[in-house]
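# Structure assessment
Now for the letters of each chain:
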Amino acid sequence: QQQVKQSPQSLIVQKGGIPIINCAYENTAFDYFPWYQQFPGKGPALLIAIRPDVSEKKEGRFTISFNKSAKQFSLHIMDSQPGDSATYFCAASEGYSTLTFGKGTMLLVSP
Amino acid sequence: DAGVTQSPTHLIKTRGQQVTLRCSPKSGHDTVSWYQQALGQGPQFIFQYYEEEERQRGNFPDRFSGHQFPNYSSELNVNALLLGDSALYLCASSLLGVSGNTIYFGEGSWLTVV
């Protein structure tokens, strides 16, 4: 049973574009929603995270939008750069529990 | 401040052998979790250790076992290796009970079973 569904599987945007990655969850007990960035051969690095009591959070060029009623959240990358090319994972956890990951989105930002 | 460190970075084992992977959590963290990441997939939770006890376990067979030491470092052991155990094994550390529950990952140990 996949508790966090992520889309699209891959995404290509031009430099300066705004890629959007979407995730949907099923477990209403989830209360922490982080996004991780992973470069080839590296471990996932925490990018930004949100809790369900807010609908949006911005950190630099990265924004999370959260829709509690729809059980969906998304990552927006403003003014995307070639250096943002990586695999992005959404995740969710309940309380102090462990993370359930989506399957990932491979992002390519063309120069 | 050192982050999460893992060793070895790469290793190759033969089917049926046993492997031990090691992890030192981020300074100040007391909880260590292990994840398996197959190629092209998201990380899958194996188990979590806190106060030297296994606190939670994912859907992995008993061939996967672990240990946490008094200094919070941890080991992951896999017995009777199968070809399907080939993956990136990630260690994650956190501080249990802290609001925000930020979880940091190490660079991982690449295991190839031949």
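Just above, that's the structure.
Residues numbered from 1 in each chain as written. Chains lettered and ligands numbered in written order. Predicted model: local features only at pLDDT ≥ 70, side-chain atom pairs only at ≥ 80, totals over all residues. Heavy atoms only, no water.

Our next topic: the overall build of chain A. In terms of helices and strands, chain A carries zero helices and eleven strands. For chain A, the sequential pattern of α-helices and β-strands runs β-β-β-β-β-β-β-β-β-β-β. For chain A, whose C-alpha radius of gyration is 13 Å, the value lies close to the compact-globule estimate of 13 Å for 111 residues. Considered along the principal axes of its C-alpha atoms, chain A spans approximately 40 × 30 × 20 Å. Out of the 111 residues in chain A, the part that is buried amounts to 46%. In chain A, 52% of the contacts between residues at least 6 apart in sequence involve partners at least 24 apart. Charged side chains in chain A number 10 positive and 8 negative. The centres of these two groups are separated by 4 Å. (Helix = DSSP H or I, 4+ residues; strand = E, 2+ residues; numbered from the N terminus. Rg over C-alpha atoms; globule rule 2.2 N^0.38 Å. Buried < 20%, exposed > 50% of the residue type's maximum accessible area, 1.4 Å probe, protein only. Contact = heavy atoms within 4.5 Å. Lys, Arg positive; Asp, Glu negative; His and termini not counted. Charge placed at Lys NZ, Arg CZ, Asp CG, Glu CD.)

Right, let's talk about the sheet that holds strand E3 (residues 19-24) of chain B for a bit. Residue and element names in this part refer to chain B. With antiparallel pairing, the four strands of this open sheet are ordered in space as E1-E3-E8-E7. Lying at the two open borders of the sheet, with one neighbouring strand each, are strand E1 (5-7) and strand E7 (64-68). With strand direction ignored, the average angle separating the axes of adjacent strands in the sheet is 20°. Alignment of E1 against E3, held across three bridges, turns out to be antiparallel. Residue pairing across strands places Gln-6 opposite Cys-23, the latter belonging to E3. (Pairing = 2+ DSSP bridges. Axes fitted to C-alpha atoms, helices over the stretch in contact; angles between N-to-C directions.)

The next thing to look at is the interface of chain B and chain A. Contact residues are listed per partner, giving 25 residues for chain B and 19 residues for chain A. Each partner contributes to the roughly 1,700 Å² buried at the junction of chain B and chain A, and carbon and sulfur atoms together form 52% of this total. Joining chain B to chain A, the criterion identifies four residue pairs in polar contact (both at pLDDT 80 or more). The set of elements that each furnish at least two residues to the side of chain B that touches chain A consists of strand E4 (31-37), strand E5 (44-50), strand E6 (53-57) and strand E9 (87-94) of chain B. The element contributing the most residues to the side of chain B that touches chain A is E4 of chain B, with three residues. Looking at the side of chain B that touches chain A, its residues break down into ten nonpolar, 13 polar and two charged. (Buried area = accessible area lost by both parts, 1.4 Å probe. Polar contact = N/O pair within 3.5 Å; in protein donor to acceptor, adjacent residues only side chain to side chain. Nonpolar A, V, L, I, M, F, W, Y, C, P; charged D, E, K, R; others polar.)

Here we take up the environment of Ala-92 of chain A. One can find Ala-92 of chain A in strand E9 (residues 86-92). In the structure, Ala-92 of chain A is positioned 74 residues away from Ile-18 of chain A in sequence and 23 Å away in space, judged by C-alpha atoms.

Here we take up the state of the cysteines. Residue and element names in this part refer to chain A. All chains considered together, the criterion is met by two disulfides over all chains. The residue that forms a disulfide with Cys-23 is Cys-90, at a sulfur-sulfur distance of 1.8 Å. Taking the sign of the torsion about the S-S bond as the criterion, the disulfide between Cys-23 and Cys-90, at about -95°, is left-handed. Here Cys-23 is found in strand E3 (residues 20-25), whereas its partner Cys-90 is found in strand E9, with 67 residues between them in sequence. For the pair shown, Cys-23 and Cys-90 are each scored as buried. (Disulfide = S-S within 2.5 Å.)

All names here are of chain A. If you trace the five strands from one edge of the open sheet to the other, you get E1-E3-E8-E7-E6, paired in antiparallel fashion. The sheet terminates laterally at strand E1 (4-7) and strand E6 (56-59), the two strands that pair on one side only. Strand after strand, the sheet turns through a mean of 15° between neighbouring axes, direction not considered. When E3 meets strand E8 (residues 72-77), the two strands line up antiparallel, connected through five bridges.

This next bit is on the packing of aromatic side chains. A full pass over the atoms with the stated rule returns 18 aromatic pairs over all chains. Centroid distance Phe-33 of chain A to Phe-66 of chain A: 4.8 Å. Interplanar angle 50°. Geometry classified as tilted. Of this pair, Phe-33 of chain A sits in strand E4 (residues 33-38) while Phe-66 of chain A is found in strand E7 (residues 62-67), placing the two residues 33 residues apart along the sequence. Its relative accessible area of 7% is what places Phe-66 of chain A among the buried residues. With a centroid separation of 5.8 Å and an interplanar angle of 50°, the aromatic rings of Tyr-36 of chain A and Phe-101 of chain A are classed as tilted. Taken together, the residues Tyr-36 of chain A in strand E4 and Phe-101 of chain A in strand E10 (residues 100-101) connect sequence positions 65 residues apart. Residues Tyr-36 of chain A and Phe-101 of chain A agree in their burial class; the two are buried. Counting every residue linked through ring pairs, the aromatic cluster contains Tyr-25, Phe-30, Phe-33, Trp-35, Phe-66 and Phe-73 of chain A. Lying over the aromatic face of Tyr-104 of chain B, Lys-26 of chain B brings its terminal NZ or CZ to 5.2 Å of the ring centre. (Phe/Tyr/Trp six-rings, centres within 6.5 Å; stacked < 30°, edge-to-face > 60°. Lys NZ or Arg CZ within 6 Å of the ring centre and 35° of its normal.)

Purely spatial values, then, with no claim about function.
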